[in-house]
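One letter stands for each residue in the lines below.
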Amino acid sequence: AVGLEEVLHEDYLQYRIRSVEYLGDRLTKAGIPIVQPPGGHAIYIDAKAMLPHIPLDQFPAWALTLALYIEGGIRSVEIGSVMFRGGQGNEQQQKQDESVEESGECR
């Protein structure tokens with residue numbers, strides 16, 4: 001419950017937002033493609049742009065999360081193919097996604 005109160009303090013919010021902004025600046029300067037602008041909560045790395053040699057059906061974002069943990073002990077999460085497709089990165093699923101996008105439907 002203390003954390004819920006702390007996140008409302010202006011000085012903490014300013015510190016948190018500035019910390020994420022700083023990390024985003026450093027990653028961008030290092031050539032890591034991130035979603036711009038960085039928010040106050042997290043940095044979102046564009047794994048597709050960072051790892052173009054990994055086909056989408058081999059889940060580049062998931063590969064990145066594993067490498068970050070193995071190499072640096074950095075906990076991260078894949079938000080994309082695995083999370084939203086239930087692990088279905090195959091051609092049939094991609095065709096379904098394209099047809100949904102073309103029809104304007106939302107999931």
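## Points about the overall build of the chain
Helix and strand counts for the chain come out as six helices and zero strands. Within the chain, the fraction of its 107 residues that count as buried is 16%. In the form shown here, the chain has an accessible surface area of approximately 8,400 Å², with 56% of it arising from carbon and sulfur atoms.

## Some words on a nonpolar patch on the surface
On the surface, Val 7, Leu 8, Tyr 12, Leu 13, Tyr 15 and Ile 17 cluster together into a nonpolar patch covering about 570 Å² of accessible area. Looking at where Ile 17 falls in the secondary structure, it is placed in helix α2 (residues 10-29). Given a relative accessible area of 46%, Ile 17 falls into the partly exposed group.

## Here's the deal with the packing of aromatic side chains
Inspection of every chain in the model, using the stated rule, returns two aromatic pairs. Measuring from centroid to centroid gives 6.1 Å for Phe 59 and Trp 62, while their planes differ by 70°, and the two rings are edge-to-face. Look at Phe 59 and you get buried, because its relative accessible area is 17%. Residue classification places Trp 62 among the partly exposed residues on the basis of a relative accessible area of 42%.

## Examining unusual backbone geometry
Of note, the amide linkage connecting Gln 36 to Pro 37 takes the cis form, showing an omega dihedral of -10°. Positionally, Pro 37 belongs in the loop between α2 and α3 (47-50).

## Considering the side chain of Glu 78
Checked against the element boundaries, Glu 78 lands in the loop between α4 (60-72) and α5 (81-85). Not counting residues within four places of it along the chain, the set of residues in contact with Glu 78 comprises Ala 61, Trp 62, Thr 65 and Met 83.

## Digging into the environment of Asp 46
Following the sequence through the fold, Asp 46 ends up in the loop between α2 and α3. What makes Asp 46 partly exposed here is its relative accessible area of 34%. Taking the C-alpha atoms as reference, Asp 46 lies 10.0 Å from Leu 64; in sequence the two are 18 residues apart. Setting aside residues no more than four positions away along its own chain, Asp 46 makes contact with Pro 33 and Ile 34. A polar side-chain atom of Asp 46 sits 3.3 Å from the main-chain amide nitrogen of Lys 48.

## Quick look at the side chain of Thr 65
By the element assignment, Thr 65 lies in helix α4. The buried category is assigned to Thr 65, whose relative accessible area is 11%. Only 2.7 Å separates the side chain of Thr 65 from the backbone oxygen of Trp 62, close enough to count as a polar contact. Once residues lying within four places of it in the same chain are set aside, the contact partners of Thr 65 are Ser 76, Val 77 and Glu 78.

Thresholds, definitions, all that
- Residues numbered from 1 in each chain as written.
- Predicted model: local features only at pLDDT ≥ 70, side-chain atom pairs only at ≥ 80, totals over all residues.
- Heavy atoms only, no water.
- Helix = DSSP H or I, 4+ residues; strand = E, 2+ residues; numbered from the N terminus.
- Buried < 20%, exposed > 50% of the residue type's maximum accessible area, 1.4 Å probe, protein only.
- Areas by Shrake-Rupley, 256 points an atom, 1.4 Å probe, with all protein chains shown as cover.
- Patch = residues over 30% accessible without salt bridge, like charges linked within 9 Å, V, L, I, M, F, W, Y side chains within 5 Å.
- Salt bridge = Lys/Arg side-chain N within 4 Å of Asp/Glu carboxyl O.
- Phe/Tyr/Trp six-rings, centres within 6.5 Å; stacked < 30°, edge-to-face > 60°.
- Contact = heavy atoms within 4.5 Å.
- Polar contact = N/O pair within 3.5 Å; in protein donor to acceptor, adjacent residues only side chain to side chain.

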